[in-house]
Amino acid sequence: MRLGIEGVSTHSFRRTALTRMSDAGIPLRHIQEISGHRTLAALGRYLGVTEKQKQNAISALDF
């Protein structure tokens, strides 16, 4: 079935779902099992990382 939405595919939704799980703090190994990726490296190609996420990770360091 085609919805006629340009620039979007089921692959886009898959990437969004995996990234949202990661953002929610779900362990990567769990996401890997759910997604069926054989390696964490393969899964990593699906996960987007924003500047804000990087800043939050750095600010979580308590030195």
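Predicted model, so just to flag it, every value in this text is computed and none were measured.

What counts and what doesn't
Residues numbered from 1 in each chain as written. Predicted model: local features only at pLDDT ≥ 70, side-chain atom pairs only at ≥ 80, totals over all residues. Heavy atoms only, no water. Helix = DSSP H or I, 4+ residues; strand = E, 2+ residues; numbered from the N terminus. Buried < 20%, exposed > 50% of the residue type's maximum accessible area, 1.4 Å probe, protein only. Areas by Shrake-Rupley, 256 points an atom, 1.4 Å probe, with all protein chains shown as cover. Core = buried A, V, L, I, M, F, W, Y, C linked by side-chain atoms within 4.5 Å. Contact = heavy atoms within 4.5 Å.

Undergrad: Explain the overall build of the protein to me, and be specific about the residues and the numbers.
TA: Each helix and strand counted, the protein has four helices and zero strands in total. Across the protein, helices and strands are ordered from the amino to the carboxyl terminus as α-α-α-α. Per-residue burial for the protein yields a buried fraction of 16% across its 63 residues. Of the roughly 5500 Å² of accessible surface on the protein, a fraction of 57% belongs to carbon and sulfur atoms.

Undergrad: How would you explain the environment of Glu33 if you had to name every residue and give the values?
TA: By secondary structure assignment, the location of Glu33 is in helix 2 (residues 28–35). Between the alpha carbons of Glu33 and Leu43 there is a distance of 9.9 Å; along the sequence they are ten residues apart.

Undergrad: Talk me through the nonpolar core; I want residue IDs and the actual numbers.
TA: One finds Leu18, Ile31, Leu43, Tyr46 and Leu47 forming the largest nonpolar core, which totals five residues. For Ile31, the contacting residues outside a window of four places in its chain are Leu18, Met21, Ser22, Ile26 and Leu43.

No statement about biological role is implied by the geometric values presented.
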